[in-house]
Amino acid sequence: MVPIGAFAGGSGSLARLTEEEGRHFRVALRGAAGETVYVFDGEGTEWKGSVASVEPAGVAVRLGEQLADRVEPLLTTAVLQAVSRDESFEQAIEAMIPLGVTRIVPLVVERSAVPKPPDAKRLERWRRIAREAAKLSWRRVVPCIDDPLTIPALEERLACIAGESGPAAGGAEAAEVVSLLLDTRAGPGSLSRLLEGPAPRRVLIAVGPEGGFAPAEAERLAGAGFVSVSLGPRILRTRQAGAIALALVLGRWGDLG
Ligand code: SAM
């Protein structure tokens, strides 16, 4: 990965890997000059190049050609994932990123079962996991992990989150946004029926914690336009539910499969 703006010089110019990435290449991978590498800026651009120099001060790549194929999904998705025990939230991030999620919003809810709301250190760790997962799945955009929100704060930010989740997809007749609340009590087949409709431009998916959303939280989400849908008759762990919903949504309305 390279910092934003590193491709400005175009073909033949040198781009420096980020410090973290350069150290990883040099120390963990024992990479050497002359190797062919693929470098991306996390904002959608990827180049093929060859390593020009490997120094403790940094790793430089001579840029060859920009890759023109499409990797990022046209349908943009934001998963509002209830915060839960650390490892569970981290596994949720790792599972959703290869599927193509655009944005993950950590939700601090009544049943989050964490001793204190996530702090800046925790957030940085999640963002590092997101960068790593994006790199391993050859994504060109690193999905944004938002600052954690409570449900009342989410209500205020919702229009912004729905609008900001990335470039819009879909035709002129497509609904702008479909907001889904994953709900173990929703009617069987509710998600499948909804997916038979035309693709919207954006999809928001709310996932509860291990204990589920409190009734008042579910009501507030419903009031904000979230439609309760089922993922089937079996109860999934919170770390799995968002990824499975994404797979179904991007399988039908996006480019998975
Ligand atoms: N007893 C809790 C309940 O009924 O809500 C179980 C919560 S489940 C372990 C964690 C979250 O994953 C749920 O709040 C929901 O958002 C989602 N989920 C899990 N299985 C689901 C299913 N079959 N249908 C819809 N959502 C599901």
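So, here's what we can say about the structure. Sequence order sets the numbering: in each chain, residues are counted from 1 along the sequence as written. Restriction of local features to residues with pLDDT of at least 70 applies here, the model being predicted, together with a cutoff of 80 or more for giving and counting side-chain atom pairs; totals for whole chains, interfaces and linings are based on all residues. Hydrogens and water are ignored here; the side-chain numbers use all heavy atoms of the structure.

A word on the nonpolar core. Residues Ile93, Met96, Ile97, Ile104, Leu180, Ile205 and Val249 are the most contacted members of the largest nonpolar core, which totals 36 residues. Helix and strand assignments come from DSSP, with helices taken as H or I runs of at least 4 residues and strands as E runs of at least 2, each series counted from the N terminus. Those elements that provide at least two residues to this core are α2 (86–96), α3 (120–136), β8 (177–182), α5 (190–195), β9 (202–207) and α7 (238–253). It is α7 that contributes the most residues to this core, seven residues altogether. In this structure Val249 touches Leu75, Leu180, Leu195, Val203, Ile205 and Gly254, once residues within four positions along its chain are discounted. The next biggest cluster of nonpolar side chains, apart from the first, holds 18 residues, and it includes Val109, Ile151, Ile161 and Ala206. The set of buried Ala, Val, Leu, Ile, Met, Phe, Trp, Tyr and Cys residues whose side-chain atoms join them within 4.5 Å is what this entry labels a nonpolar core. Exposure categories follow from relative accessible area, calculated using a 1.4 Å probe and restricted to protein chains: below 20% of the type maximum is buried, above 50% is exposed, and the middle band is partly exposed. Contacts were defined at the residue level, with two residues in contact if any of their heavy atoms lie within 4.5 Å.

Bringing the packing of α2 against α7 into the picture now. Where helices are involved, their axes are fitted lines through C-alpha atoms of the stretch in contact, as for all axes, and angles between N-to-C directions lie from 0 to 180°. Contact geometry of α2 with α7 gives a least axis separation of 8 Å together with a crossing angle of 15°. As the angle between them shows, α2 and α7 are arranged roughly parallel. Two packed elements cross with a definite hand, and for α2 against α7 that hand is right-handed. For the pair α2 and α7, contact is made by Ser88, Gln91, Ala92, Ala95 and Met96 and by Thr238, Arg239, Gly242, Ala243 and Leu246, respectively. The residue makeup of the contact of α2 with α7, split by class, is five nonpolar, four polar and one charged. Working definition: roughly parallel below 35 degrees, roughly antiparallel above 145 degrees, roughly perpendicular at 65 to 115 degrees, and oblique for all remaining angles. Each crossing gets its hand from how the near helix is turned against the far one by less than a right angle, where anticlockwise is left-handed and clockwise is right-handed. In the scheme used here, Gly and all other residues not listed as nonpolar or charged are polar, with Ala, Val, Leu, Ile, Met, Phe, Trp, Tyr, Cys and Pro taken as nonpolar and Asp, Glu, Lys and Arg as charged.

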